[in-house]
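Read off the chains here:
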Amino acid sequence: MNFSSSLFLLYFLPAFLLVYFLLGSRFRNVFTLGASAIFFFWGAPSFTFLLIVSILIDYYLSGAMHAASGKPRKTLLVFLLLLNLSMLLYFKYTGFFIVQFNMMMGWLGLPRMPLLNVILPLGISFITFQKMSYLIDVYRGTTQPAEKLRDYALFIFFFPKLLAGPIVRYKEFAPRIAERKEFSGFEERLTGFFRFSLGLAKKVMIANVLGGYADEIFATETFLLNTKTAWLGAIAYSFQIYFDFSAYSDMAIGLARMIGFNIKENFNNPYISVGITEFWKRWHITLGTWLRDYLFLPVAYALSRRMPENKYLGLKTDKWLYIFASLITMLLCGFWHGAGWTFILWGLYHGVFMSVERLFLTKLMKKAGRVIAVFFTFFVVTLGWVIFRADSLTHAVEIYSLMFSLNFQVVDFLITPQLIVLLIVSTVFSFWALAPGIEKWQMKIYTGIRTTNGLIAITVSAFILFIMGLSQVTASGFNPFIYFRF
């Protein structure tokens, strides 16, 4: 079920909110868990029962792990992590590994394996990361195991963040399960509804429409394109994925807020970043912090024990540690996004730029000034999105060749007034936080308005945006979020 589908907007959400607010507070967690399970079952029925079994195993064995010490404690952690990772590897990467294996068999002239028809369950990458963070935190002793099975099940199944994040930690979520009066006021619900409606409008009025143009260009044979259309496709996709993911984050946080859950921000004007390192602190914030805490820092720490303080090829040990840890982290980040070489290279591409920034690029950009640094970062990110969006590495190379070939032959692609308007609107709203005070103003709206005039303004705005968004959904039909397939 998609947040921007008629089924969700016209039936599931109204029915859920109506029953939720009619129920007493003691029944709301159970009801939310049941509704979340139905929400997930609707999109991934065959995986639901496997997920329930894995939740049972996580819950009982994490309790045993918490009570254990020494080697048994570590053994339980390794077992639970392997169990969860094996599900991710099977459902998401089996096809990829078989294709690579068959390629090698083809080179050697040996028989190939048959491909398996494995259906990718919705949200499995996000679910796995949340389960892993819970298990590692319990092992480290930074969070207590869930007191009740239903609490842990609600943490995993909670439908506002189930399919595409934000990636929530249990220690942040658990206090809201026990008590959420602080975030259950009328103002909080209105703010949540406004945030949800804003996300819906971004999705259906900007991201989906730009996606149509980007899809058309990326689906066209490259010999029928020229330099201008190749750049149009790259820029249209850059803005499509920006507003698509921004929209999902707004809708997820808004939904949670309507029922008293205060979920962390996941998106903060990433196109005003002055470098790739900052970009990852603004784009998919919860994924960035997850990778930092559970991958980058452990890798850097493990490497530091094997590299004595010294200089290697003129660079100090700490810089080599940063480079190695960044490359490994971003390579796996790319692989997490998708089972394909395009995603792996996209992650590595970001890791290389993060390393170069550490070596000299950040200092260079500081001297150049913020506007040039922001423009350069957007340029780098847009080039990266080409690999991310392309069907294959060959396709990406062909698009890059066109972008820099200065080929302006006439092609059959109409640049419509709608596309021009959308690109202008997208540019303004992607970069407007460069203006002083905009970020602070955004956070004030997102975190709750207390004045009467402010509440009236966001209520009216929310209903207008919701009606416009719903009209567009019923007219255009189903169009899933890009991050749903990860």
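The following refers to the structure shown. (Residues numbered from 1 in each chain as written. Predicted model: local features only at pLDDT ≥ 70, side-chain atom pairs only at ≥ 80, totals over all residues. Heavy atoms only, no water.)

What about the overall build of the protein chain?
Item 1. A tally of regular secondary structure across the protein chain gives 18 helices and 2 strands.
Item 2. Expected size for 486 residues packed as a compact globule is a radius of gyration near 23 Å; at 23 Å, the protein chain falls within 12% of this value.
Item 3. Entry remark: accessible area of the protein chain is about 22,500 Å², with carbon and sulfur atoms responsible for 69%.
Item 4. Looking at charge distribution, the protein chain has the averaged site of its 42 positive side-chain charges lying 7 Å from that of its 24 negative ones. (Helix = DSSP H or I, 4+ residues; strand = E, 2+ residues; numbered from the N terminus. Rg over C-alpha atoms; globule rule 2.2 N^0.38 Å. Areas by Shrake-Rupley, 256 points an atom, 1.4 Å probe, with all protein chains shown as cover. Lys, Arg positive; Asp, Glu negative; His and termini not counted. Charge placed at Lys NZ, Arg CZ, Asp CG, Glu CD.)

Here's the deal with the nonpolar core
Item 1. Membership of the largest hydrophobic core comes to 150 residues, with the highest contact counts inside it found for Phe3, Phe8, Tyr271, Trp280, Trp283 and Trp385.
Item 2. Counting residues per element, this core draws most heavily on helix α9 (residues 227-258), at 18 residues.
Item 3. Beyond its immediate sequence surroundings of up to four residues, Trp283 is in contact with Ile241, Tyr242, Phe245, Asn266, Phe267, Pro270, Trp385 and Tyr483.
Item 4. Core analysis: the next-biggest nonpolar cluster, separate from the first, contains 5 residues, Met307, Leu315, Trp320 and Ile323 among them. (Core = buried A, V, L, I, M, F, W, Y, C linked by side-chain atoms within 4.5 Å. Buried < 20%, exposed > 50% of the residue type's maximum accessible area, 1.4 Å probe, protein only. Contact = heavy atoms within 4.5 Å.)

Section: helix α6 (residues 149-157)
Item 1. The buried fraction of α6 is high, at 7 of 9 residues.
Item 2. Among all positions of α6, only Asp151, Tyr152, Ala153, Leu154, Phe155, Ile156 and Phe157 are buried.
Item 3. Check the buried side of α6 and you find it contacts α2 (25-43), α3 (45-67), α5 (124-140) and α7 (170-178).

With respect to the packing of aromatic side chains
Item 1. As enumerated under the stated definition, the model contains 70 aromatic pairs in all.
Item 2. When the ring centre of Phe173 is taken as origin, the NZ or CZ atom of Lys161, which lies over that ring, is 5.7 Å away.
Item 3. Over the ring of Tyr322 we find Arg358, and its NZ or CZ is 4.5 Å from the ring centre. (Phe/Tyr/Trp six-rings, centres within 6.5 Å; stacked < 30°, edge-to-face > 60°. Lys NZ or Arg CZ within 6 Å of the ring centre and 35° of its normal.)

What to know about the environment of Ser4
Item 1. Along the chain, Ser4 turns up in the segment before α1 (6-22).
Item 2. On a C-alpha basis, the gap between Ser4 and Tyr248 in space is 9.1 Å, while along the polypeptide they are 244 residues apart.
Item 3. Setting aside chain neighbours within four positions, we find Ser4 in contact with Leu9, Leu200, Lys203, Val204, Met251, Val473, Asn479 and Phe481.

Some words on a nonpolar patch on the surface
Item 1. A cluster of nonpolar side chains, namely Val99, Phe101, Met103, Met104, Trp107, Leu108, Leu110, Met113 and Leu115, defines an oily patch on the protein surface of about 930 Å² accessible area.
Item 2. With respect to the helices and strands, the residue Leu110 is situated in the loop between α4 (70-108) and α5.
Item 3. With relative accessibility at 44%, the residue Leu110 sits in the partly exposed group. (Patch = residues over 30% accessible without salt bridge, like charges linked within 9 Å, V, L, I, M, F, W, Y side chains within 5 Å. Salt bridge = Lys/Arg side-chain N within 4 Å of Asp/Glu carboxyl O.)

Examining the environment of Ala153
Item 1. In this structure, Ala153 sits in helix α6.
Item 2. Since its relative accessible area comes to 10%, Ala153 is described here as buried.
Item 3. Here the alpha-carbon distance between Ala153 and Asn479, two residues 326 residues apart in the chain, equals 29 Å.
Item 4. Discounting chain neighbours no more than four positions away, the residues touching Ala153 are Leu33 and Ile55.

Section: the packing of α6 against α7
Item 1. Between α6 and α7, the shortest axis-to-axis distance is 10 Å and the interhelical angle comes to 115°. The two elements α6 and α7 meet at a crossing, and its hand is right-handed. Mapping the contact onto sequence places Asp151, Tyr152, Leu154 and Phe155 in α6 and Tyr170, Phe173 and Ile177 in α7.
Item 2. For the contact of α6 with α7, the per-class residue count stands at 6 nonpolar, no polar and 1 charged. (Axes fitted to C-alpha atoms, helices over the stretch in contact; angles between N-to-C directions. Left-handed = near helix turned anticlockwise from the far one by under 90°. Nonpolar A, V, L, I, M, F, W, Y, C, P; charged D, E, K, R; others polar.)

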